[in-house]
Amino acid sequence: MAKPWATFGIDLHLEPAGPGLRRGLTDALREAVRSGRLAPGTRLPSSRALAADLGIARNTVAEAYAELVAEGRLTARQGSGTRVADRAVPRPPARRPTPRRPSGRPRYDLTPGVPDLASFPRAEWLRASRRALAAAPHDALGYGDARGRPELRTALADRLARVRGVRADPGRIVICSGFAHGLHLLCDILRARGARTLAVESYGLAEHRDLIERTGLRTTPVPSDDADPGDAAAVLLNPAHQFPLGGVLRPERRAAVIDWARRTGGLILEDDYDSEFRYDRQPVGAIQDLDPDHVVHLGTVSKSLAPGLRLGWMVLPPSLLPEVVEHGAVRSVGVLEQLTFAEFLTSGAHDRHVRAARLRYRRRRDALVDVLAERALDVRVTGIAAGLHAVLRLPPGTEQSVVRAAAWQGLAVKGLAYFRHPAAEVAPLDALVVGYGTPPDHAWTATLDALCRALP
Ligand SMILES: Cc1ncc(COP(=O)(O)O)c(C=O)c1O
(Lines give C-alpha, C1' and ligand atoms only; values in the text may rest on other atoms or scores of the structure.)
Protein backbone atom coordinates (compact mmCIF):
# COMPACT_ATOMS: atom_id res chain seq x y z
CA MET A 1 0.00 0.00 0.00
CA ALA A 2 1.20 3.52 -0.73
CA LYS A 3 2.59 5.42 2.22
CA PRO A 4 0.44 8.35 3.20
CA TRP A 5 1.91 11.54 1.80
CA ALA A 6 2.15 13.20 5.20
CA THR A 7 4.73 10.67 6.40
CA PHE A 8 7.22 11.74 3.74
CA GLY A 9 7.61 14.96 5.67
CA ILE A 10 8.27 16.94 2.51
CA ASP A 11 7.99 20.66 2.83
CA LEU A 12 6.29 22.04 -0.26
CA HIS A 13 6.42 25.77 -0.71
CA LEU A 14 4.27 26.43 -3.74
CA GLU A 15 3.15 29.38 -5.77
CA PRO A 16 -0.66 29.47 -5.83
CA ALA A 17 -0.96 29.15 -9.63
CA GLY A 18 0.71 29.42 -13.02
CA PRO A 19 4.01 27.94 -14.20
CA GLY A 20 5.53 28.69 -10.75
CA LEU A 21 3.26 26.05 -9.26
CA ARG A 22 4.63 23.20 -11.38
CA ARG A 23 8.19 24.46 -10.98
CA GLY A 24 7.76 24.70 -7.20
CA LEU A 25 6.42 21.15 -6.99
CA THR A 26 9.15 19.76 -9.27
CA ASP A 27 11.87 21.56 -7.27
CA ALA A 28 10.49 20.36 -3.94
CA LEU A 29 10.34 16.75 -5.12
CA ARG A 30 13.79 16.96 -6.72
CA GLU A 31 15.22 18.37 -3.52
CA ALA A 32 13.52 15.65 -1.44
CA VAL A 33 15.05 12.93 -3.66
CA ARG A 34 18.44 14.64 -3.76
CA SER A 35 18.62 15.06 0.00
CA GLY A 36 17.50 11.51 0.68
CA ARG A 37 14.33 12.54 2.45
CA LEU A 38 12.55 10.46 -0.17
CA ALA A 39 14.47 7.21 0.02
CA PRO A 40 15.21 5.11 -3.09
CA GLY A 41 12.28 2.81 -3.81
CA THR A 42 9.72 4.99 -2.00
CA ARG A 43 6.39 4.88 -3.76
CA LEU A 44 4.90 8.33 -4.35
CA PRO A 45 1.18 8.99 -4.06
CA SER A 46 -0.75 8.81 -7.32
CA SER A 47 -0.92 12.09 -9.21
CA ARG A 48 -4.65 12.14 -8.49
CA ALA A 49 -4.18 11.72 -4.69
CA LEU A 50 -1.38 14.29 -4.45
CA ALA A 51 -3.30 16.78 -6.59
CA ALA A 52 -6.37 16.42 -4.35
CA ASP A 53 -4.27 16.87 -1.20
CA LEU A 54 -2.55 19.97 -2.56
CA GLY A 55 -5.72 21.35 -4.15
CA ILE A 56 -4.07 21.65 -7.58
CA ALA A 57 -4.71 20.19 -11.04
CA ARG A 58 -3.75 16.56 -11.58
CA ASN A 59 -1.88 17.54 -14.77
CA THR A 60 0.46 19.75 -12.75
CA VAL A 61 1.49 16.79 -10.60
CA ALA A 62 1.71 14.47 -13.62
CA GLU A 63 4.00 16.94 -15.41
CA ALA A 64 6.25 17.31 -12.35
CA TYR A 65 6.51 13.50 -12.04
CA ALA A 66 7.24 13.20 -15.79
CA GLU A 67 10.07 15.74 -15.58
CA LEU A 68 11.71 13.86 -12.70
CA VAL A 69 11.29 10.54 -14.54
CA ALA A 70 13.08 12.13 -17.51
CA GLU A 71 15.89 13.21 -15.17
CA GLY A 72 16.20 9.66 -13.85
CA ARG A 73 15.21 10.58 -10.31
CA LEU A 74 11.87 8.77 -10.44
CA THR A 75 10.69 5.66 -12.23
CA ALA A 76 7.18 5.05 -13.50
CA ARG A 77 6.06 1.52 -14.22
CA GLN A 78 2.62 0.23 -15.06
CA GLY A 79 1.25 -1.50 -11.98
CA SER A 80 3.85 -0.32 -9.50
CA GLY A 81 3.22 3.41 -9.69
CA THR A 82 5.82 6.15 -9.45
CA ARG A 83 8.83 5.45 -7.25
CA VAL A 84 12.09 7.09 -6.32
CA ALA A 85 14.77 5.59 -8.56
CA ASP A 86 17.25 3.27 -6.86
CA ARG A 87 20.35 5.24 -5.94
CA ALA A 88 19.14 8.07 -8.18
CA VAL A 89 21.63 10.47 -6.68
CA PRO A 90 24.35 9.93 -4.08
CA ARG A 91 23.02 10.88 -0.68
CA PRO A 92 24.75 13.91 0.82
CA PRO A 93 25.57 13.92 4.52
CA ALA A 94 22.54 14.86 6.63
CA ARG A 95 22.39 18.57 7.34
CA ARG A 96 20.49 20.48 10.00
CA PRO A 97 17.88 22.62 8.28
CA THR A 98 19.17 26.18 8.01
CA PRO A 99 16.92 28.76 9.62
CA ARG A 100 15.22 31.13 7.16
CA ARG A 101 15.10 34.83 7.63
CA PRO A 102 11.76 35.82 9.17
CA SER A 103 10.47 37.63 6.09
CA GLY A 104 7.94 37.03 3.33
CA ARG A 105 5.35 34.26 3.32
CA PRO A 106 5.76 31.80 6.22
CA ARG A 107 7.02 28.38 5.28
CA TYR A 108 4.95 26.70 8.00
CA ASP A 109 1.66 27.95 9.38
CA LEU A 110 0.16 27.28 12.80
CA THR A 111 -1.87 30.47 12.96
CA PRO A 112 -5.17 29.67 14.65
CA GLY A 113 -8.36 30.48 12.79
CA VAL A 114 -8.28 28.56 9.51
CA PRO A 115 -9.22 24.90 9.03
CA ASP A 116 -7.38 22.59 6.64
CA LEU A 117 -8.58 24.09 3.36
CA ALA A 118 -7.19 21.18 1.33
CA SER A 119 -9.87 18.94 2.83
CA PHE A 120 -12.81 21.09 1.80
CA PRO A 121 -15.38 18.54 0.48
CA ARG A 122 -15.33 19.82 -3.09
CA ALA A 123 -17.10 16.89 -4.74
CA GLU A 124 -19.93 16.79 -2.16
CA TRP A 125 -20.34 20.57 -2.31
CA LEU A 126 -20.51 20.46 -6.10
CA ARG A 127 -23.13 17.70 -5.96
CA ALA A 128 -25.19 19.68 -3.45
CA SER A 129 -24.87 22.78 -5.62
CA ARG A 130 -26.13 20.95 -8.75
CA ARG A 131 -29.04 19.40 -6.89
CA ALA A 132 -29.95 22.71 -5.24
CA LEU A 133 -29.93 24.64 -8.50
CA ALA A 134 -31.96 21.97 -10.30
CA ALA A 135 -34.60 21.98 -7.56
CA ALA A 136 -34.79 25.76 -6.99
CA PRO A 137 -38.04 27.41 -8.09
CA HIS A 138 -37.66 30.47 -10.36
CA ASP A 139 -38.71 32.82 -7.59
CA ALA A 140 -35.80 31.64 -5.44
CA LEU A 141 -33.60 33.78 -7.71
CA GLY A 142 -35.41 36.98 -6.71
CA TYR A 143 -34.63 39.20 -3.69
CA GLY A 144 -36.68 36.97 -1.42
CA ASP A 145 -36.96 37.08 2.34
CA ALA A 146 -34.42 39.38 4.02
CA ARG A 147 -33.79 36.69 6.65
CA GLY A 148 -32.48 34.31 3.98
CA ARG A 149 -33.84 31.29 2.10
CA PRO A 150 -36.44 29.35 4.12
CA GLU A 151 -34.87 26.02 3.04
CA LEU A 152 -31.63 26.99 4.78
CA ARG A 153 -33.26 28.47 7.86
CA THR A 154 -35.35 25.31 8.29
CA ALA A 155 -32.34 23.02 7.83
CA LEU A 156 -30.32 25.08 10.31
CA ALA A 157 -33.14 25.14 12.87
CA ASP A 158 -33.25 21.32 12.75
CA ARG A 159 -29.50 20.95 13.05
CA LEU A 160 -29.05 23.53 15.80
CA ALA A 161 -31.82 21.94 17.88
CA ARG A 162 -30.43 18.44 17.33
CA VAL A 163 -26.71 19.13 17.77
CA ARG A 164 -26.54 22.24 19.97
CA GLY A 165 -29.81 22.21 21.91
CA VAL A 166 -30.65 25.65 20.51
CA ARG A 167 -34.31 26.71 20.61
CA ALA A 168 -34.38 27.73 16.97
CA ASP A 169 -37.54 28.71 15.14
CA PRO A 170 -36.64 29.18 11.42
CA GLY A 171 -38.55 32.48 11.57
CA ARG A 172 -36.00 33.86 14.05
CA ILE A 173 -32.92 32.83 12.09
CA VAL A 174 -31.17 35.38 9.90
CA ILE A 175 -28.48 34.31 7.44
CA CYS A 176 -25.41 36.56 7.36
CA SER A 177 -21.98 36.43 5.79
CA GLY A 178 -20.12 34.90 8.69
CA PHE A 179 -19.88 35.65 12.39
CA ALA A 180 -18.08 38.97 11.88
CA HIS A 181 -20.91 40.29 9.72
CA GLY A 182 -23.53 39.26 12.28
CA LEU A 183 -21.51 40.89 15.06
CA HIS A 184 -21.23 44.07 13.01
CA LEU A 185 -25.01 44.23 12.43
CA LEU A 186 -25.73 43.70 16.12
CA CYS A 187 -23.22 46.36 17.19
CA ASP A 188 -24.78 48.87 14.76
CA ILE A 189 -28.17 48.14 16.27
CA LEU A 190 -26.94 48.40 19.87
CA ARG A 191 -25.23 51.68 19.04
CA ALA A 192 -28.41 53.02 17.39
CA ARG A 193 -30.26 52.10 20.58
CA GLY A 194 -27.82 54.28 22.54
CA ALA A 195 -25.54 51.56 23.93
CA ARG A 196 -21.98 52.60 24.73
CA THR A 197 -20.14 49.51 25.91
CA LEU A 198 -19.82 45.88 24.94
CA ALA A 199 -18.02 43.54 27.33
CA VAL A 200 -15.58 41.02 25.86
CA GLU A 201 -13.38 38.40 27.46
CA SER A 202 -9.88 39.44 28.51
CA TYR A 203 -8.46 37.17 25.80
CA GLY A 204 -10.11 37.15 22.37
CA LEU A 205 -9.67 38.12 18.75
CA ALA A 206 -8.30 41.64 18.26
CA GLU A 207 -10.10 41.73 14.88
CA HIS A 208 -13.46 41.37 16.63
CA ARG A 209 -12.60 44.04 19.21
CA ASP A 210 -11.58 46.41 16.40
CA LEU A 211 -14.78 45.71 14.52
CA ILE A 212 -16.87 46.44 17.63
CA GLU A 213 -15.00 49.67 18.31
CA ARG A 214 -15.35 50.86 14.72
CA THR A 215 -19.14 50.87 15.24
CA GLY A 216 -18.65 53.40 18.05
CA LEU A 217 -18.97 51.00 20.99
CA ARG A 218 -16.26 50.70 23.62
CA THR A 219 -15.03 47.23 24.61
CA THR A 220 -14.38 46.43 28.27
CA PRO A 221 -12.59 43.25 29.26
CA VAL A 222 -14.04 40.75 31.74
CA PRO A 223 -11.92 37.85 32.99
CA SER A 224 -13.04 34.48 31.63
CA ASP A 225 -13.85 33.22 35.13
CA ASP A 226 -15.85 36.28 36.16
CA ALA A 227 -19.60 36.42 35.73
CA ASP A 228 -20.34 40.08 35.67
CA PRO A 229 -20.23 42.31 32.57
CA GLY A 230 -21.22 45.23 34.83
CA ASP A 231 -23.04 48.07 33.08
CA ALA A 232 -22.19 46.95 29.54
CA ALA A 233 -25.15 46.72 27.14
CA ALA A 234 -24.04 43.31 25.91
CA VAL A 235 -21.35 40.71 26.40
CA LEU A 236 -19.58 38.61 23.77
CA LEU A 237 -18.74 35.07 24.92
CA ASN A 238 -17.61 31.74 23.46
CA PRO A 239 -19.41 29.55 26.05
CA ALA A 240 -18.65 26.18 24.41
CA HIS A 241 -14.97 26.81 23.73
CA GLN A 242 -13.32 30.03 24.81
CA PHE A 243 -11.10 31.52 22.15
CA PRO A 244 -8.17 31.34 22.55
CA LEU A 245 -7.82 29.84 26.06
CA GLY A 246 -9.91 26.79 25.21
CA GLY A 247 -12.04 26.44 28.37
CA VAL A 248 -15.79 25.88 28.73
CA LEU A 249 -18.05 28.39 30.49
CA ARG A 250 -18.73 26.73 33.83
CA PRO A 251 -22.39 26.08 34.82
CA GLU A 252 -22.31 28.63 37.66
CA ARG A 253 -20.99 31.28 35.31
CA ARG A 254 -23.61 30.43 32.69
CA ALA A 255 -26.29 30.92 35.35
CA ALA A 256 -24.68 34.14 36.58
CA VAL A 257 -24.42 35.71 33.14
CA ILE A 258 -28.06 34.82 32.39
CA ASP A 259 -29.02 36.47 35.72
CA TRP A 260 -27.05 39.55 34.69
CA ALA A 261 -28.91 39.73 31.34
CA ARG A 262 -32.32 39.40 33.03
CA ARG A 263 -31.48 41.91 35.75
CA THR A 264 -30.06 44.59 33.46
CA GLY A 265 -31.78 43.90 30.12
CA GLY A 266 -28.31 43.15 28.73
CA LEU A 267 -27.74 40.97 25.70
CA ILE A 268 -25.50 37.91 25.49
CA LEU A 269 -23.82 37.32 22.11
CA GLU A 270 -22.96 33.62 21.99
CA ASP A 271 -20.17 32.97 19.47
CA ASP A 272 -20.50 29.24 18.72
CA TYR A 273 -17.66 29.22 16.20
CA ASP A 274 -16.21 25.69 16.40
CA SER A 275 -18.68 23.56 18.34
CA GLU A 276 -18.53 20.78 15.70
CA PHE A 277 -15.14 19.70 16.99
CA ARG A 278 -15.29 17.97 20.40
CA TYR A 279 -12.88 15.19 21.20
CA ASP A 280 -12.69 13.95 24.77
CA ARG A 281 -16.08 14.72 26.19
CA GLN A 282 -19.72 15.22 25.36
CA PRO A 283 -20.51 18.41 23.44
CA VAL A 284 -21.47 21.28 25.70
CA GLY A 285 -24.91 22.62 24.82
CA ALA A 286 -25.51 26.20 23.73
CA ILE A 287 -26.30 28.81 26.35
CA GLN A 288 -29.14 30.21 24.19
CA ASP A 289 -31.33 27.38 25.45
CA LEU A 290 -31.26 28.93 28.95
CA ASP A 291 -32.91 32.16 27.81
CA PRO A 292 -33.68 32.67 24.10
CA ASP A 293 -35.00 36.17 24.89
CA HIS A 294 -31.61 37.44 26.06
CA VAL A 295 -29.15 35.44 23.97
CA VAL A 296 -28.23 35.82 20.29
CA HIS A 297 -26.74 32.54 19.13
CA LEU A 298 -24.25 33.06 16.27
CA GLY A 299 -22.78 30.31 14.10
CA THR A 300 -20.51 30.08 11.08
CA VAL A 301 -19.11 27.59 8.57
CA SER A 302 -15.65 29.15 8.86
CA LYS A 303 -14.25 26.24 10.94
CA SER A 304 -16.40 23.35 9.78
CA LEU A 305 -16.09 24.10 6.04
CA ALA A 306 -14.13 27.19 4.95
CA PRO A 307 -14.03 30.85 5.96
CA GLY A 308 -14.02 31.90 2.30
CA LEU A 309 -17.65 30.82 1.97
CA ARG A 310 -18.64 33.79 4.20
CA LEU A 311 -21.68 32.02 5.55
CA GLY A 312 -23.12 32.33 9.03
CA TRP A 313 -26.36 32.68 10.95
CA MET A 314 -27.94 34.35 13.95
CA VAL A 315 -30.75 32.98 16.10
CA LEU A 316 -32.35 36.14 17.44
CA PRO A 317 -34.54 37.07 20.38
CA PRO A 318 -37.97 38.27 19.13
CA SER A 319 -37.22 41.79 20.39
CA LEU A 320 -34.23 42.16 18.03
CA LEU A 321 -35.58 40.53 14.89
CA PRO A 322 -37.37 43.54 13.32
CA GLU A 323 -34.35 45.83 13.72
CA VAL A 324 -32.01 43.26 12.19
CA VAL A 325 -34.34 42.70 9.24
CA GLU A 326 -34.76 46.44 8.69
CA HIS A 327 -31.05 47.15 8.99
CA GLY A 328 -30.56 46.80 5.24
CA ALA A 329 -27.22 44.99 5.41
CA VAL A 330 -28.90 41.59 5.38
CA ARG A 331 -29.36 39.62 2.10
CA SER A 332 -25.59 39.45 2.04
CA VAL A 333 -25.26 35.79 1.01
CA GLY A 334 -26.21 34.71 -2.52
CA VAL A 335 -29.21 32.39 -2.77
CA LEU A 336 -27.29 29.67 -4.62
CA GLU A 337 -24.79 29.40 -1.78
CA GLN A 338 -27.65 29.32 0.71
CA LEU A 339 -29.54 26.62 -1.20
CA THR A 340 -26.36 24.60 -1.65
CA PHE A 341 -25.65 24.70 2.06
CA ALA A 342 -29.28 23.75 2.82
CA GLU A 343 -28.92 20.73 0.52
CA PHE A 344 -25.52 19.91 2.05
CA LEU A 345 -27.15 19.85 5.49
CA THR A 346 -30.31 17.94 4.66
CA SER A 347 -28.56 15.31 2.51
CA GLY A 348 -26.37 14.29 5.47
CA ALA A 349 -23.19 15.40 3.63
CA HIS A 350 -22.43 17.94 6.35
CA ASP A 351 -22.66 15.37 9.15
CA ARG A 352 -20.40 13.01 7.19
CA HIS A 353 -17.90 15.76 6.48
CA VAL A 354 -17.79 16.89 10.12
CA ARG A 355 -17.35 13.31 11.37
CA ALA A 356 -14.40 12.72 9.03
CA ALA A 357 -12.86 16.14 9.80
CA ARG A 358 -13.23 15.53 13.55
CA LEU A 359 -11.28 12.30 13.23
CA ARG A 360 -8.53 13.96 11.17
CA TYR A 361 -8.17 16.89 13.56
CA ARG A 362 -8.21 14.58 16.57
CA ARG A 363 -5.30 12.64 15.07
CA ARG A 364 -3.41 15.88 14.52
CA ARG A 365 -4.10 17.02 18.04
CA ASP A 366 -2.88 13.67 19.42
CA ALA A 367 0.26 13.88 17.26
CA LEU A 368 0.90 17.40 18.58
CA VAL A 369 0.48 16.29 22.20
CA ASP A 370 2.73 13.22 21.68
CA VAL A 371 5.50 15.12 19.96
CA LEU A 372 5.51 17.82 22.64
CA ALA A 373 5.60 15.22 25.41
CA GLU A 374 8.69 13.78 23.75
CA ARG A 375 10.53 16.89 22.61
CA ALA A 376 9.35 19.89 24.66
CA LEU A 377 9.43 18.95 28.32
CA ASP A 378 9.05 22.53 29.55
CA VAL A 379 5.80 23.03 27.68
CA ARG A 380 2.35 22.19 29.07
CA VAL A 381 -0.48 21.73 26.56
CA THR A 382 -3.95 22.96 27.54
CA GLY A 383 -7.30 23.65 25.88
CA ILE A 384 -7.21 20.49 23.79
CA ALA A 385 -10.63 18.98 24.45
CA ALA A 386 -12.19 20.78 21.52
CA GLY A 387 -11.66 23.00 18.50
CA LEU A 388 -8.74 23.38 16.13
CA HIS A 389 -6.18 25.00 18.37
CA ALA A 390 -4.21 24.25 21.53
CA VAL A 391 -2.57 26.51 24.08
CA LEU A 392 1.08 25.69 24.82
CA ARG A 393 1.98 27.12 28.22
CA LEU A 394 5.62 28.24 28.25
CA PRO A 395 8.08 28.93 31.06
CA PRO A 396 7.45 32.48 32.43
CA GLY A 397 9.07 35.26 30.41
CA THR A 398 9.79 33.17 27.31
CA GLU A 399 6.81 33.88 25.03
CA GLN A 400 8.38 36.64 22.97
CA SER A 401 11.64 34.81 22.39
CA VAL A 402 9.76 31.66 21.33
CA VAL A 403 7.63 33.64 18.84
CA ARG A 404 10.85 35.15 17.46
CA ALA A 405 12.51 31.74 17.24
CA ALA A 406 9.46 30.44 15.40
CA ALA A 407 9.70 33.28 12.88
CA TRP A 408 13.33 32.31 12.25
CA GLN A 409 12.15 28.78 11.48
CA GLY A 410 9.73 30.26 8.92
CA LEU A 411 6.86 29.30 11.25
CA ALA A 412 3.82 31.57 11.68
CA VAL A 413 2.38 31.15 15.17
CA LYS A 414 0.81 33.57 17.62
CA GLY A 415 1.78 34.23 21.22
CA LEU A 416 -1.07 34.52 23.72
CA ALA A 417 -0.22 38.21 24.30
CA TYR A 418 -1.53 38.94 20.79
CA PHE A 419 -5.05 38.07 21.97
CA ARG A 420 -4.99 39.99 25.25
CA HIS A 421 -7.29 43.00 25.60
CA PRO A 422 -5.05 46.06 26.14
CA ALA A 423 -7.01 46.98 29.28
CA ALA A 424 -7.18 43.42 30.71
CA GLU A 425 -6.40 43.23 34.40
CA VAL A 426 -5.72 39.49 34.61
CA ALA A 427 -2.10 38.43 35.10
CA PRO A 428 -0.43 37.76 31.71
CA LEU A 429 0.37 34.15 30.83
CA ASP A 430 3.23 33.04 28.60
CA ALA A 431 1.88 30.74 25.92
CA LEU A 432 1.58 29.98 22.23
CA VAL A 433 -1.79 29.52 20.52
CA VAL A 434 -1.26 26.76 17.98
CA GLY A 435 -3.82 26.28 15.20
CA TYR A 436 -3.25 22.64 14.29
CA GLY A 437 -6.03 22.63 11.69
CA THR A 438 -4.22 25.04 9.41
CA PRO A 439 -1.39 23.12 7.66
CA PRO A 440 -2.31 20.87 4.75
CA ASP A 441 -1.55 17.17 5.32
CA HIS A 442 1.61 17.20 3.22
CA ALA A 443 3.17 19.93 5.43
CA TRP A 444 2.02 18.66 8.84
CA THR A 445 5.09 16.64 9.86
CA ALA A 446 7.54 19.34 8.80
CA THR A 447 5.45 21.99 10.59
CA LEU A 448 5.52 20.05 13.87
CA ASP A 449 9.25 19.71 13.46
CA ALA A 450 9.66 23.47 13.00
CA LEU A 451 7.52 24.08 16.08
CA CYS A 452 9.65 21.79 18.23
CA ARG A 453 12.82 23.52 17.05
CA ALA A 454 11.40 26.87 18.22
CA LEU A 455 10.32 25.65 21.67
CA PRO A 456 12.48 25.78 24.82
C1 LIG B 1 -13.48 33.16 18.05
C2 LIG B 1 -13.97 33.13 16.64
N3 LIG B 1 -15.22 33.47 16.39
C4 LIG B 1 -15.72 33.44 15.13
C5 LIG B 1 -14.94 33.07 14.07
C6 LIG B 1 -15.54 32.98 12.69
O7 LIG B 1 -15.66 34.20 12.11
P8 LIG B 1 -16.28 34.35 10.64
O9 LIG B 1 -17.54 33.56 10.58
O10 LIG B 1 -16.51 35.82 10.52
O11 LIG B 1 -15.27 33.84 9.67
C12 LIG B 1 -13.62 32.73 14.29
C13 LIG B 1 -12.76 32.37 13.14
O14 LIG B 1 -11.58 32.41 13.17
C15 LIG B 1 -13.12 32.76 15.61
O16 LIG B 1 -11.85 32.42 15.86
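Residues numbered from 1 in each chain as written. Predicted model: local features only at pLDDT ≥ 70, side-chain atom pairs only at ≥ 80, totals over all residues. Heavy atoms only, no water.

1. With respect to the packing of aromatic side chains
- Using the criterion set out here, one finds eight aromatic pairs in the structure.
- Both rings, one in Phe277 and one in Tyr361, keep their centres 5.2 Å apart while their planes meet at 85 degrees; by these two values the pair is edge-to-face. With Phe277 in the loop between strand S8 (267-271) and strand S9 (295-300) and Tyr361 in helix H11 (residues 349-375), this pair connects stretches of sequence that are 84 residues apart.
- Arranged with centres 6.1 Å apart and planes meeting at 25 degrees, the rings of Trp313 and Phe341 form a pair that is stacked. (Phe/Tyr/Trp six-rings, centres within 6.5 Å; stacked < 30°, edge-to-face > 60°. Helix = DSSP H or I, 4+ residues; strand = E, 2+ residues; numbered from the N terminus.)

2. A word on the pattern of salt bridges
- Under the criterion given, the structure shown has 28 salt bridges.
- The shortest N-O distance in the salt bridge between Arg162 and Asp351 comes to 3.3 Å. Within this pair, whereas Arg162 is found in helix H5 (residues 150-164), its partner Asp351 is found in helix H11, the two being separated by 189 residues in sequence.
- Exposure remark for Arg162: the relative accessible area of 55% places this residue in the exposed category.
- For the salt bridge of Asp274 with Arg278, the shortest nitrogen-to-oxygen distance reads 3.9 Å.
- On the accessibility criterion, Asp274 (2% relative accessible area) is buried.
- Judged by relative accessible area, which is 6%, Arg278 ranks as buried.
- Beyond isolated ion pairs, a larger network of salt bridges with shared partners links Arg22, Asp27, Arg30, Glu63, Glu67, Glu71 and Arg73. (Salt bridge = Lys/Arg side-chain N within 4 Å of Asp/Glu carboxyl O. Buried < 20%, exposed > 50% of the residue type's maximum accessible area, 1.4 Å probe, protein only.)

3. Section: the site of the ligand
- Residues in contact with the ligand amount to 13 residues; listed here are only the nearest, Phe179, Asp271, Thr300, Ser302 and Arg310.
- The contact in question runs from an oxygen atom of the ligand to an N or O atom on the backbone of Phe179, over 2.7 Å.
- Asp271 places a side-chain nitrogen or oxygen 2.6 Å from a nitrogen atom of the ligand.
- In isolation the ligand exposes 390 Å². Once the protein is present, 90% of that is buried.
- Taken together, the residues of the shell around the ligand sort by class into five nonpolar, five polar and three charged. (Near = heavy atom within 4 Å. Polar contact = N/O pair within 3.5 Å; in protein donor to acceptor, adjacent residues only side chain to side chain. Areas by Shrake-Rupley, 256 points an atom, 1.4 Å probe, with all protein chains shown as cover. Nonpolar A, V, L, I, M, F, W, Y, C, P; charged D, E, K, R; others polar.)

4. What to know about the sheet that holds strand S15 (residues 431-435)
- The four strands are arranged S11-S12-S15-S14 in an open sheet whose pairing can be described as antiparallel. Strands at the two margins of the open sheet, each flanked by one partner only, are strand S11 (380-382) and strand S14 (414-415). (Pairing = 2+ DSSP bridges.)

5. Notes on the nonpolar core
- Judged by nonpolar contacts, the single largest core of 31 residues is most densely connected at Leu368, Leu372, Leu392, Leu432, Val434, Leu451 and Leu455.
- For this core, the secondary structure elements donating two or more residues are H11, strand S12 (389-393), helix H12 (399-408), S15 and helix H13 (441-454).
- In this structure Leu432 touches Ala390, Val391, Leu392, Leu394, Val402, Val403, Val413, Lys414, Gly415, Leu451 and Leu455, once residues within four positions along its chain are discounted.
- Counting 28 residues, the second largest nonpolar core, distinct from the first, contains Cys187, Ile212, Leu217 and Val296. (Core = buried A, V, L, I, M, F, W, Y, C linked by side-chain atoms within 4.5 Å. Contact = heavy atoms within 4.5 Å.)

6. A word on the sheet that holds strand S6 (residues 218-222)
- Pairing within the open sheet is mixed, and its seven strands lie in the order S4-S10-S9-S8-S7-S5-S6. Two strands in the sheet have a free side with no partner beyond their single neighbour: strand S4 (173-176) and S6. With direction set aside, neighbouring strand axes in the sheet form an average angle of 25 degrees.
- Bridge analysis of strand S7 (residues 234-237) against S8 gives four bridges, and the strand direction is parallel. Bridging from a neighbouring strand, Leu236 pairs with Leu269 of S8.
- Contacts between H5 and the sheet are confined to S4, S9 and strand S10 (312-315), with S4 contributing the most and set at about 110 degrees to the helix. (Axes fitted to C-alpha atoms, helices over the stretch in contact; angles between N-to-C directions.)

7. Notes on the side chain of Asp272
- Topologically, Asp272 is positioned in the loop between S8 and S9.
- Of note is the side chain of Asp272, whose polar atom sits 2.7 Å from the side chain of Arg164.
- Residues contacting Asp272, with those up to four places away along its chain left out, are Arg164, Ala240, His297, Leu298 and Gly299.

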